[in-house]
Amino acid sequence: MSKTLDTPLTSAEFAADVDCGAPSLREVFARHLGTVWRIARAFGVPADEADDVAQEVFLVVHRKLHTFQPSRSLPAWLFGITRNVVLMRRRAHTRRERRLSAVEPPPAPREPEASFELRQAAAFMQEFLDGLDEDKRLVFLLADVEGMTASEIAEALEIPLGTVFSRLRAARLKLEQFSQRLRARPVRRPHDR
Amino acid sequence: MTDESTSARALIAAYKSCARPSAAAEAQLWATLAAAERAEKQRDRRPTPSLAPWLALAACLLLLAAWQLDLAGMFASGHVLKDMRDQAAYDAAEPVPQEARTREEAAGGVRWRETVRPESGPAAVPTGRQRPAGAARGAQRTSKVVADEPGLATDSDAVADGDRVLAEMALLQEAQAALRSGQPAAALRVLERHAQDFAAGSMTEERQALRVLALCAAGEVARGADEAAVFLGAHPRSTYAARVASACLDGHVSKDTSEAR
């Protein structure tokens with residue numbers, strides 16, 4: 001499997017990759033920005049606020065990076081920070097978030113170079129994730145989207161390993177069903193109007 | 001839509017590709033982080049201002065304020081006298097030098113101690129700190145007055161400056177106590193003693209003020225008024241000026257003479 005910028009690395013891989021014990025902020029940012037953004041979305045943060053959450057998360061990372069222990073999983077560490085940032089924002093903006101969730105804005109426009117099919121597939125995936133309960137959504141996202149290992153997820157979510165597997169199995173089953181429904185759904189393209 | 005494009009794998013890949021900040025947002029985020037990083041580096045390079053000089057200055061100011069308050073408070077409540085007595089008691093408790101011998105006497109319920117030179121030494125030769133023979137009586141009386149306070153003993157062979165002030169204050173306090181207890185005659189006698197022993201003492205102003213109050217209290221209004229005029233002429237800005245000026249006006253003298261101290 002080829003590793004893109006968003007490919008999460010275990011701590012050992014990361015250390016070997018950057019040839020030093022402590023990753024730099026730039027490297028963490030480049031490799032994990034998407035992960036942090038999607039974790040924020042998985043916690044229910046609207047797309048137009050996920051950028052702000054990501055910024056707050058990386059500001060925390062900037063301040064706390066020296067405390068990161070290489071023996072820990074970097075994605076799990078980032079997940080913990082993201083969760084805390086989201087929870088803090090929820091506490092501070094409960095009413096505002098409620099209002100926003102009632103009138104969920106359309107997804108932010110993506111890059112023009114992304115093909116319509118790609119953007120549509122991503123929107124379907126977001127629809128699927130939104131339909132999952134938070135427990136399953138987080139496990140599925142961390143495992144199948146972010147590529148974290150089951151033990152890393154268990155560490156990040158502070159749940160038993162067996163729970164990780166059971167939630168992942170259930171989420172995958174739902175995705176399969178969702179995919180089948182998509183195939184049966186008539187798709188309208190923009191030029192079909 | 002094809003089956004391939006709606007497969008779970010394809011959906012996940014599409015989501016990973018698209019579900020992230022836009023390129024512009026990513027650049028903005030990084031710019032913010034880089035600015036924060038630069039600011040922190042600059043902060044690290046900047047020498048941290050040391051608090052030590054400010055703490056030292058604050059400590060000095062506190063000490064100065066405490067010292068001034070302490071002095072004012074002690075003068076207001078007569079604690080100067082007490083402290084000086086404590087010091088005298090401390091001095092008395094210290095071992096007496098070998099070359100001197102200590103003689104303690106008890107006479108008339110008064111305990112006083114006088115240190116004299118050894119007989120073989122030139123006891124009769126006055127030194128700079130010793131009084132001439134003619135002043136022996138005064139010195140002895142001073143020691144006796146000081147020793148009137150319980151537990152107090154004074155070396156009369158070398159009355160230090162502090163001890164002289166102490167003796168002056170003791171006399172004035174005695175006069176003040178007599179005046180307060182309605183014995184202006186006794187107060188005048190003590191003040192006379194003070195004038196005799198400390199003609200050029202450091203508390204002549206206080207003595208004169210107390211004398212005016214005592215004269216007025218004793219009914220010698222004319223003399224009191226005369227001495228009040230002299231006092232006011234000599235000390236027009238004295239702290240006691242108002243008290244002295246009003247002492248004999250209506251022949252009434254308050255027993256609270258604390259202002260005169």
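Note that the coordinates shown come from a computational prediction; the quantities given were computed from them, not determined experimentally. (Residues numbered from 1 in each chain as written. Chains lettered and ligands numbered in written order. Predicted model: local features only at pLDDT ≥ 70, side-chain atom pairs only at ≥ 80, totals over all residues. Heavy atoms only, no water.)

Peer 1: Explanation requested: the overall build of chain A in the structure shown.
Peer 2: Within chain A, the regular secondary structure consists of 9 helices and 0 strands. Reading the helices (α) and strands (β) of chain A from amino to carboxyl end gives α-α-α-α-α-α-α-α-α. When each of the 193 residues of chain A is scored for burial, the buried share is 45%. Here the analysis covers contacts within chain A between residues at least 6 apart in sequence; of these, 68% occur between residues at least 24 apart. Total accessible area on chain A is roughly 10200 Å²; 53% of this is exposed by carbon and sulfur atoms. (Helix = DSSP H or I, 4+ residues; strand = E, 2+ residues; numbered from the N terminus. Buried < 20%, exposed > 50% of the residue type's maximum accessible area, 1.4 Å probe, protein only. Contact = heavy atoms within 4.5 Å. Areas by Shrake-Rupley, 256 points an atom, 1.4 Å probe, with all protein chains shown as cover.)

Peer 1: Teacher, can you tell me more about the interface of chain B and chain A here?
Peer 2: Think of interface size as the accessible area that goes away when the parts come together; that is how it is often given. The interface is formed by 27 residues belonging to chain B together with 38 residues belonging to chain A. Both sides together, the interface formed by chain B and chain A hides about 3200 Å², and carbon and sulfur atoms give 70% of it. For the interface between chain B and chain A, the tally reads 0 salt bridges. Our enumeration of links across chain B and chain A arrives at 4 residue pairs in polar contact (both at pLDDT 80 or more). Residue assignment for the side of chain B that touches chain A shows that the elements contributing at least two residues are α1 (8-18) and α2 (23-45) of chain B. Top contributing element to the side of chain B that touches chain A by residue count: α2 of chain B, with 10 residues. (Buried area = accessible area lost by both parts, 1.4 Å probe. Salt bridge = Lys/Arg side-chain N within 4 Å of Asp/Glu carboxyl O. Polar contact = N/O pair within 3.5 Å; in protein donor to acceptor, adjacent residues only side chain to side chain.)

Peer 1: Would you mind showing me how to read the pattern of salt bridges here?
Peer 2: When the charged atoms of two side chains lie near each other, side chains of opposite charge can form a pair. All names here are of chain A. This model, assessed by the stated rule, comprises 12 salt bridges over all chains. The residue R89 makes a salt bridge to E49 at a minimum N-O spacing of 3.2 Å. Of this pair, R89 sits in helix α4 (residues 74-92) while E49 is found in helix α3 (residues 47-64), placing the two residues 40 residues apart along the sequence. Put simply, E49, E56 and R89 are held in one network by salt bridges that share partners.

Peer 1: What is the right way to read the packing of aromatic side chains from this model?
Peer 2: To describe a pair of aromatic rings, one takes the distance between the centres and the angle between the planes. Tallied over the full model, the rule gives 6 aromatic pairs over all chains. Centroid distance F29 of chain A to F58 of chain A: 5.1 Å. Interplanar angle 70°. Geometry classified as edge-to-face. A residue pair is termed long-range when its members are at least 10 positions apart, and F29 of chain A in helix α2 (residues 25-42) and F58 of chain A in helix α3 qualify at 29 residues. Here F29 of chain A falls in the buried class, since its relative accessible area comes to 4%. With centroids separated by 5.5 Å and ring planes inclined at 75°, the aromatic side chains of F128 of chain A and F140 of chain A adopt a geometry described as edge-to-face. Linking F128 of chain A in helix α6 (residues 116-131) with F140 of chain A in helix α7 (residues 134-145), this pair joins segments that are 12 residues apart in sequence. With respect to class, F128 of chain A is no different from F140 of chain A; both count as buried. Among the aromatic residues, ring-to-ring pairing joins F29 and F58 of chain A together with W30 of chain B into one connected group. (Phe/Tyr/Trp six-rings, centres within 6.5 Å; stacked < 30°, edge-to-face > 60°.)

Peer 1: Help me understand the packing of α6 of chain A against α1 of chain B in this model?
Peer 2: Helix packing for two helices is described by the angle between their axes and how far apart those axes are. Viewed as axis vectors pointing N to C, α6 of chain A and α1 of chain B meet at an angle of 100°, and their least axial separation amounts to 7 Å. The orientation of α6 of chain A relative to α1 of chain B falls into the category roughly perpendicular. Taken together, the residues of α1 of chain B that come into contact with α6 of chain A (itself represented by L118, R119, A121, A122, F124, M125, Q126 and L129 of chain A) are L11, I12, A14, Y15, S17 and C18 of chain B. When the residues that make up the contact of α6 of chain A with α1 of chain B are grouped by side-chain class, the tally is 11 nonpolar, 2 polar and 1 charged. (Axes fitted to C-alpha atoms, helices over the stretch in contact; angles between N-to-C directions. Parallel < 35°, antiparallel > 145°, perpendicular 65-115°, else oblique. Nonpolar A, V, L, I, M, F, W, Y, C, P; charged D, E, K, R; others polar.)

Peer 1: Looking at this model, I keep getting lost on the confidence of the model for chain A. Mind explaining?
Peer 2: Residue and element names in this part refer to chain A. Looking at chain A as a whole, its pLDDT mean stands at 80, while 74% of the residues score no less than 70. Ranking the elements of chain A by mean pLDDT puts helix α1 (residues 11-18) last, at 47, and α7 first, at 93. In this model residues 14-19 is a low-confidence stretch, pLDDT under 50, and it forms 13 contacts with partners more than four residues away in sequence or in other chains. (pLDDT = per-residue confidence, 0-100.)

Peer 1: Looking at this structure, I do not really get the side chain of S179 of chain A. What am I missing?
Peer 2: Along the chain, S179 of chain A falls in helix α9 (residues 161-184). Taking relative accessible area as the criterion, S179 of chain A reaches 0% and is therefore assigned buried. A distance of 3.1 Å separates the side chain of S179 of chain A from the side chain of R183 of chain A, its partner in a polar contact. Contacts of S179 of chain A, omitting those with residues within four sequence positions, involve T6, S7 and A8 of chain B.

Peer 1: It is not clear to me how unusual backbone geometry should be interpreted in this structure. Could you clarify?
Peer 2: Unusually for a residue other than glycine, E158 of chain A sits at a positive phi of about 55°. Residue classification places E158 of chain A among the exposed residues on the basis of a relative accessible area of 66%.

Peer 1: Mind showing me how you'd approach the packing of α7 of chain A against α9 of chain A here?
Peer 2: Residue and element names in this part refer to chain A. Here α7 crosses α9 at 90°, and the two axes come no closer than 8 Å. Classified by the interaxial angle, the pair formed by α7 and α9 is roughly perpendicular. Contact residues: D135, K136, V139, F140, A143 and D144 in α7; V164, R167, L168, A170, A171, R172 and L175 in α9. Split into classes, the residues belonging to the contact of α7 with α9 amount to 8 nonpolar, no polar and 5 charged.

Peer 1: How do you make sense of the nonpolar core when you look at a structure like this?
Peer 2: Nonpolar side chains tend to gather and get buried jointly when the protein is soluble and globular. Core analysis: the largest hydrophobic core is formed by 66 residues, its most contacted members being V61, M125 and F140 of chain A. Shared between two domains, this core takes at least three residues from each, and those domains are domain 1 (1-108) and domain 2 (110-186) of chain A. Aside from chain neighbours lying at most four places away, what touches F140 of chain A is M125, F128, L129, L132, V145, L168, A171, R172 and L175 of chain A together with I12 of chain B. (Core = buried A, V, L, I, M, F, W, Y, C linked by side-chain atoms within 4.5 Å. Domains from an automatic or database assignment.)

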